[in-house]
Amino acid sequence: MVQEGGTAEGLSLPRFALSTRTAGRWGDQLFRLLVRASALALLLIVLGMVVVMVRAAFPSIKAFGWRFLFTSTWDPVAQHFGALPLIYGTIVSSLLALLIAVPLGIGAAIYLSEVAPPWIRPPLSFLMELLAAIPSVVYGLWGIFVLAPWLRTQVQPALGSALGFLPLFQGPPYGVGMLAAGLILAIMVVPFIIAVSREVLLAVPDSQREAALALGATRWETTRLAVLRYARSGLIGAILLGLGRALGETMAVTMVIGNRAEISASLFAPGYTMASMIANEFAEATSDLYLSALIEVGLLLFVVTVIVNALARLLVWSVGGAVKEVRE
Amino acid sequence: MKEVQGLYKRLGVIVAVLLLAVGYTGGSVSAQMLMNGAGATFPYPIYSKWFDEYTKVDPSVRFNYQSIGSGGGIRQITERTVDFGASDGPMTDEQLKSAPGELFHIPTVMGAVVATYNLPGDPKLRFTPDLLADIFLGKITKWNDPRIKDVNPGVSLPDQPILVVHRSDGSGTTYIWVDYLSKVSKEWEQKVGRGTSVNWPVGLGGKGNEGVSGQVKSTPGAIGYVELAYAIKNNLPAPMVRNQAGKFVQPSIQTTTAAAAGAAKNMPSDFRVSLTNPPGEDAYPIASFTWLLVYKNQADQAKGQALVKFLWWATREGQKYTSDLLYAPLPPQVVSRVEAKLKQITYEGKPLLAAR
């Protein structure tokens, strides 16, 4: 209400410069209405999705209760549904992807913003971001025909013989499995992490770098102390964007994870994710309870995403606070 | 003010144009009858061929078929959101009861499922029903198992672990495969059972025929199953399987049709029959119909008439397009029984095919 008269009357110069007619106020109102409606529409869509999913998942929620979260048999014939291996597979494959993609992505971003000669930066970042434009089914096919055979014949035997005493690297090498899924996801997520991190690093004021250099810091010290610390919360944002993408990725993961609803300590073993289960079985789910269980998996994926995002916000918050304190 | 009015005017024009566009397409559709169908993905290539060819026979009908999967087809025909459904597996009694009217299963074409494997030297193998069941149950774990050797004398089999690969997506192909295993193995029936997706005792899941065959091709020692048509197109080894009559039969279009011929004698009148493990010397035992689902009592006379005419054409003239697309045609014994069924489809109690 304050903005209506106040800004328009008070500042005559910009108003004069922007519009010579009296339509401004009406236009403003229309504009406000439109953007408010867009924001509201998005909220309503999310809310509507939750309502529909809860309602459709209700038969399954009623039939299985908490057992749905804590049992691991997925048997459409006997109509027993437990989603624990799917939750496990979703989280483990995404974390594995981040474990590989974060150092790689942030490293590449640092190179692009701090180290690389200026003429090479635009073509290089363009090429890296091109990875994001490849459809995920292509990643999946590449996974089946290139990555999985390579893992099976080279990587897994080597890992098995060198680190086979760890339960992580035991079992027969199939190629496909949790390791393949994590690797594919890492490659798919890395361009997002690079793109956002690079923007964040470029947004760090040069005065930061100059101050560090003036104190006699080496390039590594400048990057570590002046740039990375300053950009910390933005970098976490970049990682989260990657994580969000990894959690929801469906097609490529389905094609290489082996699709077996079992929890195994070994990264060589096949697994399953929530998104893959829905993609795999939704079209042919005939009984009502079966369909309802699949929708509950969807609801669960939604909940996991919300929890992960909330945790991440908290993290950004606390880190952001710390940075502020340092600056003050 | 003027600007805003101008904006509203422009908006008005846009809305009017949109309405006109919608009205126009609506008009063009009603001039031609649109028949909506949805369901199975397996017969989609032959169905779209038929829909295309049929416009030459009857230009007044246009088909819109969405291959969303058998489950979706059954749901949509039950809710009457489509004019016909399609499914690779017969509907259960329960599902039929929940439909608002009596539904007919009309068999259209047949398909078969074959085992495919990857062994060094590409030996030609033969399988017995119990071998397949025990491999997929995880009871036979090595290729040089004496039971595999007994069935394949003279073939050198490596001391290699067997990796089972199955479909990860719900699929009519899986249904046919596990339906067969359920028939030949009591243990399979009790432990695993039948379904478009099951709780597999062992193995890895690949998405689609290409996912399974890709995994099998890249892993020595793997065994999986794919559609016959897919195996023929991609030159995959399709081993012989021993049928009920005790003969080892090579999977092919002819032996698939022979499976329906063998089962025709004891076929129930509603065609809801599994063709796996049928009698008959030449019958390949892992075969199945795929069905269109239509209501016995049609709600719309013109549409009902057109649909019945199309079904009549598809199960007769339409069958000649099957072999190009590697489906097996219906045997004549079955076609004549389908004919009788089509004559029972009615509108307000009057048969729609009486004229013939």
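Residues numbered from 1 in each chain as written. Chains lettered and ligands numbered in written order. Predicted model: local features only at pLDDT ≥ 70, side-chain atom pairs only at ≥ 80, totals over all residues.

Focus: the overall build of chain B
Per the secondary structure count, chain B includes 13 helices and 13 strands. On the principal axes, the C-alpha backbone points of chain B span a range of 85 × 60 × 35 Å. Here chain B holds 356 residues, and the buried ones make up 48% of them. (Helix = DSSP H or I, 4+ residues; strand = E, 2+ residues; numbered from the N terminus. Buried ≥ 20, exposed ≤ 12 C-beta atoms within 10 Å, placed from the backbone.)

Remarks on the overall build of chain A
The helix and strand tally for chain A stands at 14 helices and two strands. In chain A, which comprises 328 residues, the proportion classed as buried is 36%. The contacts in chain A between residues at least 6 apart in sequence include a share of 76% that link residues at least 24 apart. (Contact = placed C-beta atoms within 7 Å.)

Comments concerning the nonpolar core
All names here are of chain A. Counting 172 residues, the largest nonpolar core has Ala-180, Ile-184, Val-189, Ile-193 and Val-256 as its most contacted members. In terms of residues, this core owes the most to one element, helix α8 (residues 178-202), which gives 19 residues. Aside from chain neighbours lying at most four places away, what touches Ile-193 is Ala-101, Val-102, Gly-105, Ile-106, Ala-238, Ile-239 and Gly-242. (Core = buried A, V, L, I, M, F, W, Y, C linked by C-beta atoms within 7 Å.)

Details of the domain arrangement of chain A
When the domains of chain A are assigned, the result is domain 1 (12-56) and domain 2 (67-327). Between the C-alpha centres of domain 1 of chain A and domain 2 of chain A there is a distance of 35 Å. (Domains from an automatic or database assignment.)

Quick word on the environment of Gly-89 of chain B
Residues and elements named next belong to chain B. Considering the arrangement of structural elements, one finds Gly-89 in the loop between β3 (84-87) and α4 (93-98). By the C-beta count within 10 Å, which is 26 here, Gly-89 ends up buried. Placed 199 residues apart in sequence, Gly-89 and Ser-288 show a C-alpha to C-alpha distance of 8.5 Å. Ignoring anything within four residues of it in the chain, the contact list for Gly-89 reads Ser-70, Gly-172, Tyr-175 and Thr-196.

Digging into the interface of chain A and chain B
Contact with chain A, which involves 32 residues of that partner, is made by 33 residues of chain B. Element by element, the count of residues in the side of chain A that touches chain B is highest for helix α7 (residues 136-163) of chain A, at five residues. Within the side of chain A that touches chain B, the residues separate by chemical class into 17 nonpolar, nine polar and six charged. (Nonpolar A, V, L, I, M, F, W, Y, C, P; charged D, E, K, R; others polar.)

Section: the packing of α8 of chain A against helix α11 (residues 232-248) of chain A
Residue and element names in this part refer to chain A. One way to put it is that α8 packs onto α11 with a least axis distance of 8 Å and a crossing angle of 155°. It follows from the interaxial angle that α8 and α11 lie roughly antiparallel. In terms of crossing hand, the pair formed by α8 and α11 is right-handed. Of α11, the residues touching α8 (which contributes Leu-185, Val-189, Phe-192, Ile-193, Val-196, Ser-197 and Val-200) are Gly-234, Leu-235, Gly-237, Ala-238, Ile-239, Leu-241, Gly-242, Arg-245 and Ala-246. Considered class by class, the residues forming the contact of α8 with α11 number 11 nonpolar, four polar and one charged. (Axes fitted to C-alpha atoms, helices over the stretch in contact; angles between N-to-C directions. Parallel < 35°, antiparallel > 145°, perpendicular 65-115°, else oblique. Left-handed = near helix turned anticlockwise from the far one by under 90°.)

Overview of the sheet that holds strand β6 (residues 163-167) of chain B
Residues and elements named next belong to chain B. The sheet built from eight strands is open, its strands ordered β2-β1-β3-β11-β4-β8-β6-β7 with mixed pairing. Only two strands of the sheet have a single neighbouring strand rather than two, namely β2 (61-66) and β7 (204-206). Between one strand axis and the next, the sheet turns by 25° as a mean value, whatever way the strands run. Here strand β4 (residues 103-117) pairs with strand β8 (residues 222-227) via five bridges, running antiparallel. By the bridge assignment for β8, Ala-115 is matched with Tyr-225. (Pairing = 2+ DSSP bridges.)

What to know about helix α7 (residues 172-184) of chain B
Its 13 residues place the ends of α7 of chain B 19 Å apart at the C-alpha level, agreeing with the 18 Å of an ideal helix rising 1.5 Å per residue. Within α7 of chain B, 13 of the 13 residues are buried, which leaves the element mostly enclosed by the surrounding structure. (Expected span 1.5 Å × (residues − 1).)

What to know about unusual backbone geometry
Residue and element names in this part refer to chain B. Located in the positive-phi region is Arg-80, a residue other than glycine, with phi close to 60°. Looking at the secondary structure, you find Arg-80 in the loop between α3 (70-78) and β3. Judged by the 13 C-beta atoms lying within 10 Å of it, Arg-80 falls in the partly exposed class. The phi angle at Asn-277 is positive, at roughly 50°, despite the residue not being glycine. In this structure, Asn-277 sits in the loop between α11 (253-264) and β11 (287-295).

Brief notes about the confidence of the model for chain A
A low pLDDT score tells you not to read the predicted coordinates there in detail. Residues and elements named next belong to chain A. Per-residue pLDDT for chain A averages 87, and the proportion of residues at 70 or more is 90%. Highest mean pLDDT in chain A belongs to helix α5 (residues 84-115) (94); lowest belongs to helix α1 (residues 2-10) (43). Across residues 1-12 the pLDDT falls below 50, and counting only partners more than four positions away or on other chains, this stretch makes three contacts in the model. (pLDDT = per-residue confidence, 0-100.)

Quick word on the pairing of β11 of chain B
Residue and element names in this part refer to chain B. Most of β11 is tucked away: nine of the nine residues are buried. Alternating positions in β11 separate into two faces, Ala-287, Phe-289, Trp-291, Leu-293 and Tyr-295 on one and Ser-288, Thr-290, Leu-292 and Val-294 on the other, with burial throughout. Two strands pair when backbone bridges link them, and β3 and β11 are joined in this way by three bridges, in the antiparallel orientation. Within β11, the position partnered with Ser-87 by the bridge is Trp-291.

Some thoughts on the sheet that holds strand β5 (residues 126-127) of chain B
Residues and elements named next belong to chain B. Spatially, β5-β9-β10 is the arrangement adopted by the three strands of the open sheet, whose pairing is mixed. Looking along the sheet, the strands with just one partner apiece sit at the ends: β5 and β10 (248-249). With two bridges joining them, β5 and strand β9 (residues 240-242) adopt parallel strand pairing. When the bridges of β9 are listed, Arg-126 appears paired with Met-240.

Structural notes on the pairing of β4 of chain B
Residue and element names in this part refer to chain B. The element β4 is extensively covered by neighbouring structure, given that 15 of its 15 residues are classed as buried. Sheet topology note: the β4/β11 ladder contains nine bridges and is antiparallel. Across the sheet, the residue bridging to Pro-107 is Trp-291, located in β11.

A few points about α8 of chain A
The end-to-end C-alpha distance of α8 of chain A, which contains 25 residues, comes to 35 Å, matching closely the 36 Å that a straight helix rising 1.5 Å per residue would cover. Bending of α8 of chain A peaks at approximately 35° at the position of Val-189 of chain A, with proline Pro-191 of chain A no more than four residues after it. (Bend = angle between axes of the 7 residues up to and from the residue.)

Topic: the environment of Ser-182 of chain B
Residue and element names in this part refer to chain B. Looking at the secondary structure, you find Ser-182 in helix α7. Note: C-alpha distance between Ser-182 and Arg-194 (12 residues apart in sequence) is 6.8 Å. Apart from the residues lying within four places of it in its own chain, the contact partners of Ser-182 are Trp-188, Glu-189, Gly-193 and Arg-194.

Things to note about the environment of Ala-283 of chain A
Following the sequence through the fold, Ala-283 of chain A ends up in the loop between α13 (274-281) and α14 (288-327). Residue Ala-283 of chain A is classed as buried on the basis of its 20 C-beta neighbours within 10 Å. Residues Ala-283 of chain A and Arg-198 of chain A lie 85 residues apart in sequence; the distance between their C-alpha atoms is 41 Å. Those residues in contact with Ala-283 of chain A that sit more than four places away from it in its chain are Ile-68, Gly-69, Gly-71, Gly-72 and Gly-170 of chain B.

Concerning the confidence of the model for chain B
Residues and elements named next belong to chain B. Confidence in the prediction of chain B, expressed as mean pLDDT, is 87, and 90% of residues score 70 or more. Every residue in residues 19-30 scores below 50 in pLDDT, and together they form one contact with partners more than four places removed in sequence or on other chains. Across the whole predicted complex the pTM is 0.82, and at the interface the ipTM reaches 0.78.

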